[in-house]
Amino acid sequence: MVEYSNMLTTDMLIALAVMFGAYVLIFSEILHRTSAAIIGAVVMIGVGTAAGFYSQDMAIEAIDGNTILLLTAMMMVVARLRPTGAFDYIAIMLSKFSNGDSRLLLIYLSLAVSMISMFLDNVTTVIIFAPITVLIARILQINPLPFLMAEAMLSNIGGAATLVGDPPNLMIGTAGGIDFNRFLIHMGPTIFLVWFCTVLLILFVFRSYLIKVENHIDLNEKKAIRDPRALIQACFALAVIIVLFFLHHHLHLYPAYVAFIGLCIVLVLQRPEPSVLFGQVNWSVLAFFVGLFIIVGGVDSSGLLRWVGLQLVDIARDPERLMLTGLVVMWCAALLSAIIDNIPFTVTIIPIILGLETMGVNITPLWWALAIGVGLGGNGTHIGATANLIAIAESERCGIKGAAITPAGWMKVGIPTMFFSLMIASIAYSLFFSTFL
Amino acid sequence: MKLMDVVVPTGVVLPGMKIGDAFRECTIHNVGGLPYCNAEGNIVGRFSLRHTFKCLCVPDDMAHHAHLLGDRICSESTPEVVSGEILNMTVDRYIIENVATITPSSPVIKALSIMEKFNSNYIFLLDGERYVGVITRMAIAGLLLKYHKF
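Residues numbered from 1 in each chain as written. Chains lettered and ligands numbered in written order. Predicted model: local features only at pLDDT ≥ 70, side-chain atom pairs only at ≥ 80, totals over all residues. Heavy atoms only, no water.

Trainee: Sorry if this is basic, but what is going on with the UniProt feature "domain: Citrate transporter-like" (unreviewed entry) in chain A here?
Mentor: In the numbering used here, UniProt assigns the "domain: Citrate transporter-like" (unreviewed entry) feature to residues 23-373 of chain A. Between the C-alpha atoms that bound residues 23-373 of chain A there is a distance of 20 Å. The span itself is 76% helix and 0% strand. (UniProt positions renumbered as here; feature names shortened; annotations may be inferred. Helix = DSSP H or I, 4+ residues; strand = E, 2+ residues; numbered from the N terminus.)

Written out as structure tokens, the structure is:
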């Protein structure tokens, strides 16, 4: 049992040095972020064991199994849904509904991407929607830039609404014991408001791009569905997962277990080749998360995160200043998430907030503030969220004149959008603070 | 059956050559690609019809969704091809670095295996450092028919 100190100890400094070194490797991209996280985890266990504040058993306990397993299962379900062509079908139908009105097309595509991102990983959603969006824009002879940026930004916002929409939410939900419904009820209205205002802002910012065109969308949506039987099976499994997400708390099921129930349905109905199924899981992301959990577990075991909590407890404990603390958490989380990957930040700050709870602080509003901050902050810069990088890569690859999104070009729109959405969220958070308690 | 029996002798692509000239050499000999040689005459890459078309007029988003395309989009999407502008461009930006080669003493099955591995319809035959010609699946199939008088 580790005894916590109110003073900075050598163990804390050692753990801090290892975490700092690992994060420098991750953010500098000297090594791939997964490699850096694995190295950091191994060093943390080795150093922690030698110093006596960490062990292999504690490292394994530090891994958030619910997050890792849920992501694994959902990646496999999406891997079965993706080749069916359902997303292409949706995109083509929406483009036809828009009837050549670029503004309507942007709203429809953004709405679809946002809603799908509420239940599926938003990176996957943008990976699927970006190429078909470029093709639609190419056929309509309009610039795909505003559509790609809107899809990435609004998928980030949409993903912030649910427990499973974004990995940080899942980590927050697991740490805070927040179920799917509670997360949706607390985050949904604020995120919907932010989404609506952000769409209006994007329509205004890109108004010169969004023109009415006469070109016909010469794409056959009927040919998009490659395997109707597989589509029905995958949709059935996904529907079961979504229904169980709403019920998981009442049934005492972990979200990860719910996802595995859906996966089992797919496995039984489709009997996919194991090599194909497992080949489509993004193991790199999962290994990255495992590495981060182990690194932060070491820092937590050293007592450093509790020490940080002690420095904040006097401010956070005051009920009159709790809302202010929440707003500070939201804005700090957003600004840091715009500059660095929001996952390491979330993994690091969760134990600090949990530590505050043991000191008598009502941390519930801080969870919502953190979720809003990390969810909206990613829109600020091109590196703030992986979905942004996917949109940029697609804009560069398409070769359409004027479509390439530069980092400066992203920030020119992203930073005002981030600040605008944060202001909307802050107003909602402040006005309805009692609902976040 | 020997590879020397099926080899298709062709010219090579040189730095600064126009795409139109490379296209002509490919179509005359019915091959999908040609070796790209530097000023010293060494093969340092290959000119591929597939790669050139892919780079110039078949963007990834279109190729990925090819099954969805209607019949009224091509002329709008590839003005450079329609106008013939691409024929006057130089080959250098469209060269692929990896080159599959084989020697005259190699068996046909090896040539077919390498083509399979490289997902290519052709392979270059080198006798030492000297370029001999292109081996294609089409030529192998033709010789097989001729050999067995099928």
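Trainee: Whenever I open this one, the interface of chain A and chain B confuses me. Can you help?
Mentor: Accessible area lost upon the coming together of the parts serves often as the stated size of an interface. The interface of chain A with chain B comprises 19 residues on the first partner and 15 residues on the second. Note on chain A versus chain B: buried area summed over both sides is about 1400 Å², and carbon and sulfur give 54% of it. On the chain A side of the contact with chain B, A:Leu135, A:Arg138 and A:Asp218 bury the most area, a combined 36% of that side's loss. For the interface between chain A and chain B, the tally reads 2 salt bridges. (Contact = heavy atoms within 4.5 Å. Buried area = accessible area lost by both parts, 1.4 Å probe. Salt bridge = Lys/Arg side-chain N within 4 Å of Asp/Glu carboxyl O.)

Trainee: In this structure, what is going on with the sheet that holds strand β4 (residues 101-102) of chain B? I would like to understand it.
Mentor: As a general point, the strands of a sheet are linked pairwise by backbone hydrogen bonds and lie either parallel or antiparallel. Residue and element names in this part refer to chain B. Taken in spatial order, the 3 strands line up as β4-β5-β6 in an open sheet, and their pairing is mixed. The sheet is open, and its two edges are formed by β4 and β6 (130-136), each paired on a single side. As defined by bridge partners, strand β5 (residues 122-127) adjoins β6 across 6 bridges and the pair is classed as antiparallel. Each bridged residue has a counterpart across the sheet, and for Leu-126 the counterpart in β6 is Tyr-131. (Pairing = 2+ DSSP bridges.)

Trainee: What is the right way to look at unusual backbone geometry in this model?
Mentor: In terms of backbone geometry, most residues other than glycine have negative phi values and most peptide bonds are trans. Residues and elements named next belong to chain B. Of note, Asn-30 is a non-glycine position whose phi angle comes to about 55°, a positive value. With respect to the helices, strands and loops of the structure, Asn-30 is situated in the loop between α2 (19-29) and β1 (33-37). Even without being a glycine, Lys-149 presents a positive backbone phi close to 50°. Structurally, the position occupied by Lys-149 is in the segment after α8 (137-147). Note on Lys-149: relative accessible area 76%, which makes it exposed. (Buried < 20%, exposed > 50% of the residue type's maximum accessible area, 1.4 Å probe, protein only.)

Trainee: Even after reading the chapter, I still don't get the sheet that holds strand β2 (residues 43-48) of chain B, so can you show me in this structure?
Mentor: All names here are of chain B. Taken together, the 3 strands give an open sheet; going across it, the order is β1-β2-β3, and neighbouring strands pair in antiparallel fashion. Edge positions in the open sheet fall to β1 and β3 (95-96), since each of these has one partner strand only. Note that β1 and β2 share 5 bridges and pair antiparallel. Among the inter-strand pairings, Cys-37 is bridged to a residue of β2, identified as Ile-43.

Trainee: Hey, could you run me through the packing of helix α5 (residues 86-98) of chain A against helix α6 (residues 102-117) of chain A in this one?
Mentor: Each pair of packed helices can be described by the angle between their axes along with the distance between the axes. All names here are of chain A. Closest axis-to-axis distance for the α5/α6 pair is 8 Å, and the angle between their directions is 150°. With respect to each other, α5 and α6 are oriented roughly antiparallel. Classified by chirality, the crossing of α6 by α5 is right-handed. Together, Phe-87, Ile-90, Ala-91, Leu-94, Ser-95, Phe-97 and Ser-98 of α5 and Leu-104, Leu-105, Tyr-108, Leu-109, Ala-112 and Ile-116 of α6 make up the contact between the two elements. When its residues are assigned to classes, the contact of α5 with α6 shows 11 nonpolar, 2 polar and no charged. (Axes fitted to C-alpha atoms, helices over the stretch in contact; angles between N-to-C directions. Parallel < 35°, antiparallel > 145°, perpendicular 65-115°, else oblique. Left-handed = near helix turned anticlockwise from the far one by under 90°. Nonpolar A, V, L, I, M, F, W, Y, C, P; charged D, E, K, R; others polar.)

Trainee: Looking at this structure, I do not really get empty space enclosed by the protein. What am I missing?
Mentor: To find the voids left in a structure, one rolls a probe of water-molecule size over its atoms. Residue and element names in this part refer to chain B. One pass over the structure, following the stated rule, counts 1 cavity of 30 Å³ or more. Each pocket or cavity is described by its volume, and for the largest cavity that value is around 60 Å³. If you trace the largest cavity, you find it lined by Arg-46, Asn-98, Val-99, Ala-100, Phe-118, Ser-120, Tyr-122, Ile-123 and Phe-124. Per element, the largest residue contribution to the lining of the largest cavity is 3 residues, and it comes from β5. Here the residues of the lining of the largest cavity sort into 6 nonpolar, 2 polar and 1 charged. (1 Å grid on protein atoms, 1.4 Å probe; cavity = no way out; pocket = protein on both sides within 12 Å on 5 of 7 lines; lining within 4 Å. Points joined across faces, edges and corners; volume = space filled by probe spheres on them.)

Trainee: Could you clarify how one ought to interpret the environment of A:Tyr108 in this entry?
Mentor: Residue and element names in this part refer to chain A. Structurally, Tyr-108 is set in helix α6. Overall, Tyr-108 belongs to the partly exposed group, its relative accessible area being 25%. Through-space distance from the C-alpha of Tyr-108 to that of Asp-179 is 29 Å; in sequence the pair is 71 residues apart. Filtering out sequence-adjacent residues up to four positions away, Tyr-108 remains in contact with Leu-94, Phe-97 and Ser-98.

Trainee: Whenever I open this one, the side chain of B:Ser106 confuses me. Can you help?
Mentor: Among the structural elements, B:Ser106 can be located in the loop between β4 and α7 (108-117). There is a polar contact of 3.0 Å between the side chain of B:Ser106 and the side chain of B:Thr103. (Polar contact = N/O pair within 3.5 Å; in protein donor to acceptor, adjacent residues only side chain to side chain.)

Trainee: Where do I start with the pattern of salt bridges in this structure?
Mentor: Close approach of charged atoms lets side chains of opposite charge pair. Tallying each qualifying case throughout the model produces 9 salt bridges over all chains. Here B:Arg130 ties to B:Asp127 by a salt bridge, and the two come within 3.5 Å at their closest N and O atoms. A single network of salt bridges, built from pairs that share partners, joins A:Glu394, A:Arg397, B:Lys54 and B:Asp60.

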